[in-house]
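Architecture and fold: a report
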Protein chains: 4
Amino acid sequence: MISLHDPSARGFNSDNCAGVHPEILAAIGAANGGHQPSYGGDVYTARLRDVFRAHFGERAEAYPVFNGTGANVIGLQSMTEPWSAVICAETAHINLDEGGAPEKVAGLKLLPVPTPDGKLTPALIDRWAHGWGDEHRAQPRVVSITQSTELGTLYTAEEIAAISAHAHELGMTVHMDGTRLANAAAALDLPFRAFTTDAGVDVLSFGGTKNGLLYGEVIVVPDPDAVRGMPYLRKAAMQISSKMRFVSAQFIALLEGDLWLRSAGHANAMAGRLHEAVRRLPGVEVDRLPQANAVFARLDKTVAARLGKRFRFESWDEGTGEVRWVCSFDTTEADVDALSTALAEEVRV
Amino acid sequence: MISLHDPSARGFNSDNCAGVHPEILAAIGAANGGHQPSYGGDVYTARLRDVFRAHFGERAEAYPVFNGTGANVIGLQSMTEPWSAVICAETAHINLDEGGAPEKVAGLKLLPVPTPDGKLTPALIDRWAHGWGDEHRAQPRVVSITQSTELGTLYTAEEIAAISAHAHELGMTVHMDGTRLANAAAALDLPFRAFTTDAGVDVLSFGGTKNGLLYGEVIVVPDPDAVRGMPYLRKAAMQISSKMRFVSAQFIALLEGDLWLRSAGHANAMAGRLHEAVRRLPGVEVDRLPQANAVFARLDKTVAARLGKRFRFESWDEGTGEVRWVCSFDTTEADVDALSTALAEEVRV
Amino acid sequence: MISLHDPSARGFNSDNCAGVHPEILAAIGAANGGHQPSYGGDVYTARLRDVFRAHFGERAEAYPVFNGTGANVIGLQSMTEPWSAVICAETAHINLDEGGAPEKVAGLKLLPVPTPDGKLTPALIDRWAHGWGDEHRAQPRVVSITQSTELGTLYTAEEIAAISAHAHELGMTVHMDGTRLANAAAALDLPFRAFTTDAGVDVLSFGGTKNGLLYGEVIVVPDPDAVRGMPYLRKAAMQISSKMRFVSAQFIALLEGDLWLRSAGHANAMAGRLHEAVRRLPGVEVDRLPQANAVFARLDKTVAARLGKRFRFESWDEGTGEVRWVCSFDTTEADVDALSTALAEEVRV
Amino acid sequence: MISLHDPSARGFNSDNCAGVHPEILAAIGAANGGHQPSYGGDVYTARLRDVFRAHFGERAEAYPVFNGTGANVIGLQSMTEPWSAVICAETAHINLDEGGAPEKVAGLKLLPVPTPDGKLTPALIDRWAHGWGDEHRAQPRVVSITQSTELGTLYTAEEIAAISAHAHELGMTVHMDGTRLANAAAALDLPFRAFTTDAGVDVLSFGGTKNGLLYGEVIVVPDPDAVRGMPYLRKAAMQISSKMRFVSAQFIALLEGDLWLRSAGHANAMAGRLHEAVRRLPGVEVDRLPQANAVFARLDKTVAARLGKRFRFESWDEGTGEVRWVCSFDTTEADVDALSTALAEEVRV
């Protein structure tokens with residue numbers, strides 16, 4: 001088959017615009033051939049469990065699914081009852097970017113809290129953490145946080161532990177949307193379990209797609225006692241892959257060695273390089289320190305429009321003029337420098 | 001990465017135990033590299049539409065999704081209202097094998113009809129085709145059929161046209177679960193549109209996974225006026241792939257040339273070979289002529305148990321002793337002959 | 001206010017076409033005046049518990065709701081998980097007459113079984129009682145039976161006990177739709193608990209509306225350990241009455257004395273009288289012995305049409321010509337005799 | 001039956017703690033006797049339509065339901081698609097007080113906006129009024145406002161017209177939760193249609209229970225083109241009353257004459273009297289002018305606690321010390337004076 005696109009063109013729209021890391025494609029190839037039991041009965045999915053236990057602790061269970069929305073919604077449903085509610089940041093992906101899937105697939109009520117930086121705190125959680133036993137209120141049952149956040153910020157391990165302690169004390173559990181968990185681990189320079197399992201996170205979505213996989217995310221359950229019915233929920237939510245060996249093989253390739261860290265660390269470094277290059281440019285306002293692989297900046301709209309003709313990136317907030325630049329495992333220094341140089345030119349027009 | 005499995009081992013469990021056709025893997029590789037817009041904004045998904053229009057008619061729309069349950073449930077939801085019901089065969093995959101997803105994700109009421117061979121008829125549809133305007137009944141809105149059926153049988157184009165005419169006359173529309181549509185087309189020796197678009201089918205699920213894809217199915221809508229809200233429903237049902245270019249590239253590779261026909265035709269031929277070899281063996285009862293890539297037979301349970309130690313296949317009905325053997329794109333004549341020889345041995349023990 | 005209707009006109013359509021028993025209206029009046037805590041915090045609802053415990057055992061809980069569909073769906077949801085399925089007779093009200101509410105409100109998958117007389121048996125239950133642990137199937141969790149059935153038949157206490165024993169042995173629980181439970185108790189000449197609590201029923205809907213109440217049904221839970229989240233489910237399903245004292249007062253009036261028995265026994269007797277009068281008429285076929293307050297008969301359609309001009313009743317099955325006559329607490333002997341006399345005239349035309 | 005409660009005791013908890021207005025009970029009695037078609041086929045429900053058309057315009061349809069949550073959720077569902085979202089005030093009953101029913105029954109995503117006084121404005125609506133055509137966002141389709149609001153405030157007819165004009169311009173429709181619509185009409189001294197139909201409201205919940213009915217609310221649809229499937233949605237949401245004649249008869253009694261206005265006007269006047277009596281008491285802070293039948297005030301918690309031992313009322317906000325006093329159709333001047341006198345005593349302790 002002939003390629004239809006230019007494989008040398010890259011942009012800053014999102015880390016899901018990148019393709020597949022060659023080591024991942026190789027892993028898919030190595031898992032191919034012959035027959036293997038479908039729906040997770042294969043040897044790769046068996047190995048997957050050990051791989052995730054090495055990162056998340058001895059009791060951890062790992063459930064591969066197709067995409068991040070699926071991982072989040074099924075994870076949350078496994079932690080809740082049909083009468084439950086979930087406290088999250090207003091900017092959370094589950095609140096704004098999943099087409100209403102939490103409500104429409106799982107009937108979950110979300111209780112969103114405005115935040116300055118996409119991060120919840122115990123005090124912000126208290127905005128909705130009450131009303132237990134009152135049948136007239138959907139019962140707050142889970143706190144969901146995103147690491148790294150939708151605004152490119154990071155929770156420290158201590159901040160997460162404080163949230164977990166607070167939630168647990170109130171009888172709630174903690175969910176983490178980790179679509180960019182590898183970027184967070186690389187930025188924090190911590191093993192995964194230091195800011196998940198060991199920080200009291202009960203269930204998390206582990207993202208693969210945005211770190212160089214073809215497709216696939218994993219619902220990680222550090223403590224299986226925190227959830228119920230996962231296999232049934234995954235099936236009913238239409239997120240079980242029949243040829244699961246190929247999802248598992250990708251994650252084995254990502255996590256058995258250091259591919260996850262090389263890729264995420266590189267993406268973070270490129271974001272840092274970009275931030276350094278643009279943060280002092282006139283007319284470029286960076287409100288939040290970029291802590292993972294995304295840089296957010298406010299630009300004059302005419303500058304953004306001109307730059308947008310030269311590079312692909314997203315307008316984040318039409319009102320404030322904020323734009324987002326995301327770096328990927330395959331973003332090069334030359335890519336970053338071309339963008340920052342172009343921006344320097346445009347702000348001076 | 002080192003392979004963990006024996007790539008020479010094959011069985012007869014299901015066509016989703018097979019791996020990926022090499023031409024499909026090559027297509028994924030060709031679509032890799034560089035950045036492409038996510039969520040279907042890429043050049044491969046644009047091309048996909050033309051490929052599907054060539055097979056299903058000039059107005060057809062194609063919506064890639066992750067798996068067959070997703071394709072079925074979203075397709076059905078796009079054809080219905082929240083107060084609708086769907087008439088299907090009792091043996092339908094949507095009724096028995098999707099974990100209740102139609103009810104649990106889309107709130108659909110299914111109206112199942114027992115059938116002798118997995119096939120609906122206008123007369124069988126009439127079992128539930130009434131009660132319109134009566135608010136106390138979920139309103140029958142769609143007839144869903146499977147081609148080829150879960151029991152390995154086929155509808156002729158004329159049978160499908162008769163069902164569609166009947167449904168349309170009653171104000172209902174027609175959905176087809178085509179998880180094995182390529183096997184059906186190969187067996188009928190007809191172009192796809194002859195027994196779908198031209199036979200009055202309104203929406204169908206086009207299966208790729210069971211015909212050699214890594215993952216991916218397509219919701220095909222021959223007449224876009226028959227559906228509403230498809231992009232939103234696909235998103236809310238958590239079936240939109242961010243790196244959609246790779247789903248689309250696989251289908252282009254499958255359908256632009258004759259890969260679909262080579263693979264499905266081969267699987268069908270292997271099932272025919274198996275049927276020929278076993279149908280006259282003593283104690284082997286084949287109730288339904290195998291018309292696609294699956295053979296169903298009733299065996300003495302001790303025979304089945306002994307054979308099961310030598311080859312992988314599924315017990316279909318514990319009560320009757322029926323078993324199912326499914327052939328795939330990669331099933332070889334030697335595989336088939338080994339199974340039939342073993343069965344001949346076991347029935348004579 | 002002036003009455004708009006003829007209070008002397010009665011028919012045989014359904015027992016919900018009758019009005020309110022005068023003792024019930026008096027009870028509502030007695031509960032009126034002053035303020036009482038809403039949503040069940042009132043003294044009548046407190047008393048209601050004792051009333052139901054007297055009939056259903058010392059641990060029984062009683063949850064008033066608005067209508068029968070609400071009682072059934074909430075009861076079933078309290079007994080199930082989001083991945084569960086419910087086995088029922090194909091003729092069950094939950095399957096045919098609730099507009100798909102079980103699927104649409106609670107996401108329940110129903111597994112309907114055809115029956116000759118509206119009654120399940122352990123053998124019929126086994127049609128669907130399998131597949132536990134298989135994530136691809138909605139998990140059978142509850143058996144739901146109706147007493148008296150939608151076809152006017154009755155389960156004996158022994159039949160119910162056998163069903164419960166079978167269900168419990170399989171790890172399932174038992175739900176009873178008791179919209180006409182009083183008619184059943186009167187016909188069986190048994191206390192309620194003999195064929196509910198003592199026969200192993202876990203949750204039941206206790207019908208009031210069809211036995212002379214203005215509105216209201218009660219979800220009865222003989223064993224509270226069998227359910228979860230009832231108050232929350234009732235609220236989220238929109239079935240909690242703010243002025244609950246008036247629902248409870250009606251049930252106290254119905255059940256503290258023998259009003260329930262007088263009314264239901266009378267309705268049953270009227271159905272028996274009707275059956276006696278018509279069963280030997282030429283051209284009148286009664287397939288099932290009427291065991292409660294409904295008589296079903298097959299008539300020539302022209303006879304039914306002529307009779308329908310003189311009396312109100314329902315066509316039950318257009319195909320077979322079956323009609324249904326239902327007697328109520330206020331049906332008189334003269335009403336019955338007028339109908340049977342008219343039928344005798346019409347069959348001789 | 002003997003009354004179990006003290007009919008002379010009244011409090012200020014909520015207008016749903018009051019009982020039934022004697023004229024309403026009389027109307028139920030007048031509708032009793034004989035048989036009438038069930039589920040709305042009766043003469044009272046036929047008359048109901050005319051009554052509502054007289055108040056809401058010639059095309060208005062009226063659908064009786066059991067309670068306010070039912071009216072709101074079914075109304076909203078009839079205006080939306082399964083992929084829709086609803087913009088509302090954060091304090092809206094649908095957001096905080098319905099146990100998650102909008103999400104759990106109808107799969108609706110709510111987009112709540114913080115407001116100072118429970119009232120939306122076009123500018124506040126714009127917080128969420130964007131993203132149409134973006135499949136990743138639940139599509140904003142309806143603006144829902146409450147009249148009078150949960151905080152005791154009122155929209156003017158002009159404010160509602162401005163919201164409707166803004167919503168319609170954006171392609172959205174307008175829903176009104178009118179659980180206390182009669183109080184609003186009385187306070188505004190306007191006919192209902194002046195601030196509903198004529199102000200562009202597409203669907204509204206008309207509350208009866210809190211204005212002296214036994215039970216019952218009505219979904220009013222000024223323009224039937226704005227909704228779809230109402231009868232089916234009402235049935236599937238379990239909100240159709242079989243003996244509907246009694247719901248309809250109550251609303252006829254309420255709305256054919258001026259009972260609605262006498263009752264609501266009186267409740268409003270009692271709230272006004274209470275406000276006058278307490279607003280200048282030391283330590284009593286009234287932030288929002290009471291515009292309907294509720295008074296909200298901030299008190300020292302020890303004062304509130306002592307007062308709570310003498311009178312029943314609700315703590316509205318534990319954090320700020322705000323309490324709520326609600327007046328009903330049967331609140332007397334003596335009741336109000338007793339409360340205000342007691343408060344005057346307690347603030348001086």
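In this text the structure is predicted, and so the values were computed from the model without any measurement.

So, on to the relation of the copies chain D and chain C. To go from the first copy of the chain to the second, apply a rotation about an axis and then a shift along the same axis. It takes a turn of 180 degrees to lay chain D on chain C, together with a shift of 0.0 Å along the axis; the resulting RMSD is 0.0 Å. Look at the turn and shift together and you get a two-fold axis relating the two. Rotation axis and chain D: the residue whose C-alpha lies nearest the axis is V105 of chain D, separated from it by 2.6 Å.

This part takes up the interface of chain B and chain D. Listed by partner, the interface residues are 18 residues for chain B and 18 residues for chain D. Across the chain B to chain D interface the summed buried area is about 1,700 Å²; carbon plus sulfur atoms make up 62%. Contact with chain D buries surface across chain B, with W83, E135 and Y232 of chain B losing the most and accounting together for 42% of the total. Seen at the junction of chain B and chain D, the total is four salt bridges. For R234 of chain D, the salt bridge goes to E135 of chain B, with nearest N and O atoms at 3.9 Å.

This next bit is on the packing of aromatic side chains. The full count for this structure, using the stated rule, is 54 aromatic pairs over all chains. Taking the centre distance of 5.1 Å and the plane angle of 80 degrees together, the rings of F296 of chain B and W316 of chain B count as edge-to-face. Taken together, the residues span a long stretch of sequence, with F296 of chain B in strand β8 (residues 294-298) and W316 of chain B in strand β9 (residues 314-317) at a distance of 20 residues. Taken together, the ring pairs in this structure connect F52, F56, F192, F206, F251 and W260 of chain A into an aromatic cluster.

Once that is clear, we can look at helix α1 (residues 22-31) of chain B. In an α-helix, one turn spans 3.6 residues, which is why side chains three or four residues apart end up on the same side. Listed in full, the buried residues belonging to α1 of chain B are I24, A27, I28, A30 and A31 of chain B. Angularly, the buried residues of α1 of chain B cover 160 degrees about the axis, an arc narrow enough to put them on a single face. As for α1 of chain B, its buried residues are in contact with α1 (22-30) of chain A together with α2 (43-56), α10 (244-255) and α11 (259-278) of chain B. After α1 of chain B finishes, the residue G33 of chain B shows a positive phi value of roughly 90 degrees.

Our next topic: the interface of chain D and chain C. The interface is formed by 65 residues belonging to chain D together with 65 residues belonging to chain C. In total, about 5,400 Å² of surface goes out of reach between chain D and chain C, with carbon and sulfur atoms giving 59% of it. Applying the counting criterion to the chain D and chain C interface returns zero salt bridges. Along the contact surface separating chain D from chain C lie 46 residue pairs in polar contact (both at pLDDT 80 or more). Listed by contribution, the elements that provide at least two residues to the side of chain D that touches chain C are α1 (22-30), α2 (43-56), α3 (68-78), α5 (101-106), α9 (230-236) and α10 (244-255) of chain D. For the side of chain D that touches chain C, a count of residues per class yields 32 nonpolar, 21 polar and 12 charged.

Residues and elements named next belong to chain A. For A182, the location among the structural elements is in helix α8 (residues 181-188). In this structure the C-alpha to C-alpha distance between A182 and F192, which are 10 residues apart in sequence, comes to 7.9 Å. Leave out the neighbours within four places in its chain, and A182 touches F192, N211, W260 and A264.

Taken as a whole, this structure holds zero disulfides over all chains when the rule is applied. Note on C88 of chain A: no disulfide assigned, nearest cysteine sulfur contributed by C88 of chain D at a separation of 15 Å. As a non-bridged cysteine, C17 of chain B has C327 of chain B as the owner of its nearest cysteine sulfur, 13 Å distant.

This paragraph deals with the pattern of salt bridges. Tallied over the full model, the rule gives 96 salt bridges over all chains. A salt bridge links R273 of chain B to D337 of chain B, with the shortest nitrogen-to-oxygen separation between them at 2.9 Å. One end of the pair, R273 of chain B, is in helix α11; the other, D337 of chain B, is in helix α13 (residues 333-347), and 64 residues separate them in sequence. A residue is classified by how much of its surface remains accessible, and D337 of chain B, at 28% relative accessible area, is partly exposed. Three or more residues joined by partner-sharing salt bridges are found here, namely E81 and R228 of chain A together with E81 and R228 of chain C.

Turning next to the domain arrangement of chain A. Residue and element names in this part refer to chain A. Splitting chain A by domain gives domain 1 (22-255) and domain 2 (259-347). Taking only C-alpha atoms, the centre of domain 1 and the centre of domain 2 are 27 Å apart. Between domain 1 and domain 2, the residue contacts involve 23 residues of the former and 19 residues of the latter. Each partner contributes to the roughly 1,700 Å² buried at the junction of domain 1 and domain 2, and carbon and sulfur atoms together form 58% of this total. With its nearest N and O atoms 2.9 Å apart, the salt bridge here joins E23 to R262. Our enumeration of links across domain 1 and domain 2 arrives at eight residue pairs in polar contact (both at pLDDT 80 or more). Going through the elements one at a time, α1, α8 and α10 (244-255) are the ones with two or more residues in the side of domain 1 that touches domain 2. Broken down by class, the residue content of the side of domain 1 that touches domain 2 amounts to 12 nonpolar, seven polar and four charged.

Here we take up the relation of the copies chain B and chain D. Rotating chain B by 180 degrees and moving it 0.0 Å along the rotation axis overlays it on chain D with an RMSD of 0.0 Å. When the interface residues of chain B are mapped onto chain D, 100% of them are again interface residues, pointing to one common binding face.

Assignment of secondary structure puts R137 of chain C in the loop between α6 (122-125) and β4 (139-146). For R137 of chain C, which is buried and forms no salt bridge, the nearest opposite charge comes from D134 of chain C, at a distance of 5.7 Å. When neighbours within four sequence positions are excluded, R137 of chain C is seen to be in contact with L96 and G99 of chain B together with L111, W128, H130 and G131 of chain C.

Calculation rules
Residues numbered from 1 in each chain as written. Chains lettered and ligands numbered in written order. Predicted model: local features only at pLDDT ≥ 70, side-chain atom pairs only at ≥ 80, totals over all residues. Heavy atoms only, no water. Least-squares fit on C-alpha atoms with pLDDT ≥ 70 in both. Contact = heavy atoms within 4.5 Å. Buried area = accessible area lost by both parts, 1.4 Å probe. Salt bridge = Lys/Arg side-chain N within 4 Å of Asp/Glu carboxyl O. Phe/Tyr/Trp six-rings, centres within 6.5 Å; stacked < 30°, edge-to-face > 60°. Helix = DSSP H or I, 4+ residues; strand = E, 2+ residues; numbered from the N terminus. Buried < 20%, exposed > 50% of the residue type's maximum accessible area, 1.4 Å probe, protein only. Arc of directions from axis to C-beta. Polar contact = N/O pair within 3.5 Å; in protein donor to acceptor, adjacent residues only side chain to side chain. Nonpolar A, V, L, I, M, F, W, Y, C, P; charged D, E, K, R; others polar. Disulfide = S-S within 2.5 Å. Domains from an automatic or database assignment. Lys, Arg positive; Asp, Glu negative; His and termini not counted.

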